[in-house]
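Letter by letter, the chains look like this.
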Amino acid sequence: MAAPAASDEKKDALQSLRYTRGSFEVLDQLVVPHGLEFLPVKDANDGWSVIRKMQVRGAPLIAMVACLSLAVEASAMDAAGKVAGMSADEAKDFLLERMQHLRTSRPTAVNLFVATDKFAEVVKEAAAEKGATGASVVTTFVEGAEAMLENDLNANKTMGAYGKEAMLAKAPGGATKLKVVTICNTGSLATAGWGTALGVVRSLHETDNLDHIYSCETRPYNQGARLTAFEIVCDELPGTLICDSMASALMNVTEGGIHACVVGADRVVVNGDTANKIGTYQLAIAAKHHGVPFFVALDTTGIDVNTPTGAGIPIEERAAQELRAIAGVQVAPEAINVWNPAFDVTPGSLIAGIITELGVAYPDPATGEYDMAKFLADARQANGASEPPAKKQKKEAAYRSGWRCERGAGGARAVSTFTA
């Protein structure tokens, strides 16, 4: 089951975005792995479009692309002298209006709403400061959006360390080299770098605690086959691609068993119910039946403390043609009806632990239920009281904003393109 080496087409930068102030490009993830094409994003309209078309995807990345698309638009306006004539309130109103537009791009991933809610408050406070100008309000927003990149990198690395410890602690039979199953794409291409669930896998691999990673193909958009498999090959992880419908059989027949599942999340609500890519729920059911601990990994911006249960999560439905065709090739009759939800909701009762950059949430031993609002409040209060495991290891400064996939005599390897 050896994976093929990455082709020469993949030796360019494997990174989700390229940003410097005034310039912004995103990787068109619809063409990966056949090519690596970066799309210019010049304003919030472009940001809305690449999110809606799923040219960028992944809850953390959606939030960053939205905010950076507005940052680059505001920077261009400033460079053209248009901001100089604005009052603080005019700049505030402009930014708030554009953020509201970006919020309509996709409904399920809560990171976008958390980020724009935060920046709405930041912008309002900046406009209310004594002596505020249009330029000062815009600068405050742009600098805040840029800070999201480094914050995401640091959060993912810390999350990976917490997740590694949690999965090893709950591994069946006390295993120290784990066979892991994941779905969708939760790596560098879904974040600013390293990844959430795939970041946990990378952390296992760093310390020789990964035996094998199995990636579900993730129909109908095939993010597991196109993106996660690409990252696995590029990063030289021991990995295998499977169809979504093979997961139960894999858990049943694999020698030594599967030790864990780890997935990302677009939204986790108060009771631990988790919205993630369609197919996650059935993977969790299979894991429960086979005694495989099922973990969720996400940044705390993906925790929705205002929604009590998964019944309150809006589920996006995508176009029928996305299911009738694969890569533009028709595979089903045009006349067949299609139900195509982009996400499903996994009950908290199926989840062994919810991994974040602030620690791991577990269900109450007495009730078996999560209280993510309490976890978040307690974790934020305790944050800084002791060093998280990521800082205890090597205090590495090399957080990955993306990967350059280089090809040599030994095959493909991923090279960091960011050093903090």
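What you see is a predicted model; the values in this text were computed from it and never measured.

## Observations regarding the sheet that holds strand β7 (residues 239-242)
Point 1. Overall, mixed pairing links the seven strands, which are arranged β7-β6-β5-β8-β11-β16-β17 in an open sheet. Every other strand in the sheet has two partners, leaving β7 and β17 (359-361) as the edge strands with one partner each. The sheet shows a mean angle of 25° between the axes of neighbouring strands, taken without regard to direction.
Point 2. Of the strand pairs in this sheet, strand β6 (residues 210-216) and β7 are connected by four bridges, and their pairing is parallel. By the bridge assignment for β7, tyrosine 214 is matched with threonine 240.

## Some remarks on unusual backbone geometry
Point 1. Of note, the bond from valine 32 into proline 33 is cis; its omega dihedral lies within 30 degrees of zero at 10°.
Point 2. The topology assignment puts proline 33 in the loop between β3 (23-27) and β4 (38-40).
Point 3. With an omega of 5°, the peptide bond running from arginine 219 to proline 220 counts as cis.
Point 4. Along the polypeptide, proline 220 turns up in the loop between β6 and α7 (223-234).
Point 5. Look at methionine 54: it is not a glycine, yet its phi comes out positive at around 65°.
Point 6. Within the secondary structure, methionine 54 is located in the loop between α1 (44-52) and α2 (59-79).
Point 7. For methionine 54, a relative accessible area of 3% puts it in the buried group.
Point 8. Located in the positive-phi region is glutamate 236, a residue other than glycine, with phi close to 55°.

## Overview of the pattern of salt bridges
A side chain of one charge can pair with a side chain of the opposite charge when the charged atoms of the two come close.
Point 1. The tally for this structure, following the rule as stated, stands at 19 salt bridges.
Point 2. Across the salt bridge formed by glutamate 25 and arginine 18, the nearest N and O atoms sit 3.6 Å from each other.
Point 3. Notably, a salt bridge pairs aspartate 235 with arginine 202, separated by 2.7 Å at the nearest N-O pair. Separated by 33 residues along the polypeptide, aspartate 235 in the loop between α7 and β7 and arginine 202 in helix α6 (residues 197-206) bring together distant segments of the chain. By the burial criterion, aspartate 235 is buried, and arginine 202 matches it.

## Examining the sheet that holds β4
Point 1. Read across the sheet, three strands follow the order β2-β3-β4 without closing on themselves; strand pairing throughout is antiparallel. Every other strand in the sheet has two partners, leaving β2 (17-20) and β4 as the edge strands with one partner each. Here the strands of the sheet are splayed against their neighbours by 20° on average, with no regard to which way each runs.
Point 2. Here β3 runs beside β4; their pairing, made up of three bridges, is antiparallel. Along β4, the bridge assignment pairs valine 26 with leucine 39.

## Describing helix α9 (residues 280-289)
Point 1. By the burial criterion, the buried members of α9 are Thr280, Leu283, Ala284, Ala286 and Ala287. In a view along the axis of α9, the buried residues occupy a sector of 160°, so they form one face of it. Seen from the open side of α9, the exposed residues pointing more than 90 degrees away from its buried face are Lys288 and His289.
Point 2. On its buried face, α9 sits against β5 (178-182), α8 (247-253), β8 (260-263), β10 (274-277), β11 (294-297) and β15 (343-346).
Point 3. Where α9 ends, the next residue or the one after it, glycine 291, has phi of about 70°, a positive value.

What counts as what
Residues numbered from 1 in each chain as written. Predicted model: local features only at pLDDT ≥ 70, side-chain atom pairs only at ≥ 80, totals over all residues. Heavy atoms only, no water. Pairing = 2+ DSSP bridges. Helix = DSSP H or I, 4+ residues; strand = E, 2+ residues; numbered from the N terminus. Axes fitted to C-alpha atoms, helices over the stretch in contact; angles between N-to-C directions. Buried < 20%, exposed > 50% of the residue type's maximum accessible area, 1.4 Å probe, protein only. Salt bridge = Lys/Arg side-chain N within 4 Å of Asp/Glu carboxyl O. Arc of directions from axis to C-beta. Contact = heavy atoms within 4.5 Å.

Worth remembering: the numbers are spatial, not functional.
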